[in-house]
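# Summary of structural features
Here's the letter readout for the chains.
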Amino acid sequence: MGKTYERIDGRLRTFIEAQPLFFTASAPLSADGTVNLSPKGLRGSFVVLDELTVAYLDFAGSNAETIAHLRENGRITLMWCAFQGPPTIVRVHGKGEAVFRDDPRFPELLAHFPDIDPAQHGLRAVIVVRAELVRDSCGYAVPFMAYEEDRDLHGRRFAREDDDSLTAYFRSKEHIESSLDGLPGLPLPLPPSAG
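Presented here is a report on the structure given in the accompanying data block. This is a predicted model, so every value here is computed, not measured.

## Focus on the overall build of the protein
- The number of helices and strands found in the protein is five helices and eight strands.
- For the protein, the succession of helices and strands along the chain, N to C, is β-α-β-β-β-β-α-β-β-α-β-α-α.
- Its C-alpha radius of gyration of 17 Å places the protein within 12% of the 16 Å reference for a compact globule of 195 residues.
- Based on the C-alpha atoms only, the size of the protein along its principal axes is roughly 50 × 40 × 30 Å.
- Counting the 195 residues in the protein, one finds 45% classified as buried.
- Sequence-distant contacts, at least 24 apart, represent 71% of the contacts inside the protein between residues at least 6 apart.
- Of the roughly 10,300 Å² of accessible surface on the protein, a fraction of 52% belongs to carbon and sulfur atoms.

## What about the environment of R91?
- When you line up the elements, R91 lands in strand β7 (residues 88–100).
- Judged by relative accessible area, R91 falls into the partly exposed class, the value being 29%.
- As a C-alpha pair, R91 and P39 span 52 residues in sequence and 14 Å in three-dimensional space.
- Leaving out residues up to four positions away in the same chain, R91 has contacts with T77, L78, M79, L133, V134, R135 and S137.
- Side chain to side chain, R91 and S137 meet in a polar contact 3.4 Å long.

## Thoughts on unusual backbone geometry
- The linkage connecting L188 with the following residue, P189, adopts the cis geometry, with an omega of 0°.
- Take P189: it is sitting in the segment after α5 (163–172).
- Backbone geometry at L42 places phi at a positive 80°, although glycine is not the residue there.
- By secondary structure assignment, the location of L42 is in the loop between β3 (36–40) and β4 (46–50).

## Things to note about the environment of P39
- Within the element layout of this structure, P39 appears in strand β3.
- P39 sits 16 residues away from F23 along the chain, and the two C-alpha atoms are 4.4 Å apart.
- If we skip the residues at most four places from it in the chain, P39 touches L21, F22 and F23.

## Some points on helix α2 (residues 65–72)
- α2 sits mainly inside the fold: six of its eight residues count as buried.
- When we look at burial in α2, the residues that qualify are E65, T66, I67, A68, H69 and L70.
- For α2, the secondary structure elements touched by its buried residues are β2 (22–26), β3, β5 (53–58), β6 (75–81), β7 and β8 (125–138).
- Once α2 finishes, G74 follows within two positions and takes phi at roughly 80°, a positive value.

Each value, and the rule that gives it
Residues numbered from 1 in each chain as written. Predicted model: local features only at pLDDT ≥ 70, side-chain atom pairs only at ≥ 80, totals over all residues. Heavy atoms only, no water. Helix = DSSP H or I, 4+ residues; strand = E, 2+ residues; numbered from the N terminus. Rg over C-alpha atoms; globule rule 2.2 N^0.38 Å. Buried < 20%, exposed > 50% of the residue type's maximum accessible area, 1.4 Å probe, protein only. Contact = heavy atoms within 4.5 Å. Areas by Shrake-Rupley, 256 points an atom, 1.4 Å probe, with all protein chains shown as cover. Polar contact = N/O pair within 3.5 Å; in protein donor to acceptor, adjacent residues only side chain to side chain.

What follows is the structure, given as structure tokens:
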């Protein structure tokens, strides 16, 4: 039923890039730490950089669990489900890194997302994931659901913020600078963009 792939290319890449939604999972090293699972959407915020590397934009939100887990141990899994067409689930298990706005690599990475206005969404980082295991499996129990359009609420909410007000917003949230388990999260104040 399931198959392991050596790289993200061909039909697999086409499938991943066509999905309007994917999920990220991460966890701290502590055995009693909190596992995090997050949905990610917004067309144009995910790219395949090469056959073993993918990236997505990390936008403003009410926590920073994935960033905290990546900073501690780098482990991450991404998952896509086919809600239309043939039943397919794809998982990319790998090591991830949060590339923050003051990192010299940030401008080059951001150039891979030409359809996204980063100022509109309170962009915090680019998450880069190097695949270590790529597998698919059947999605026989995944329901058919129709994609209508992206919600515009996130962009409308964060477009009015600048770096100072975003930093104040993040500081007002309990789990941005540190995770639910007390790991270092998003560095504040927000660093200026490199370049």
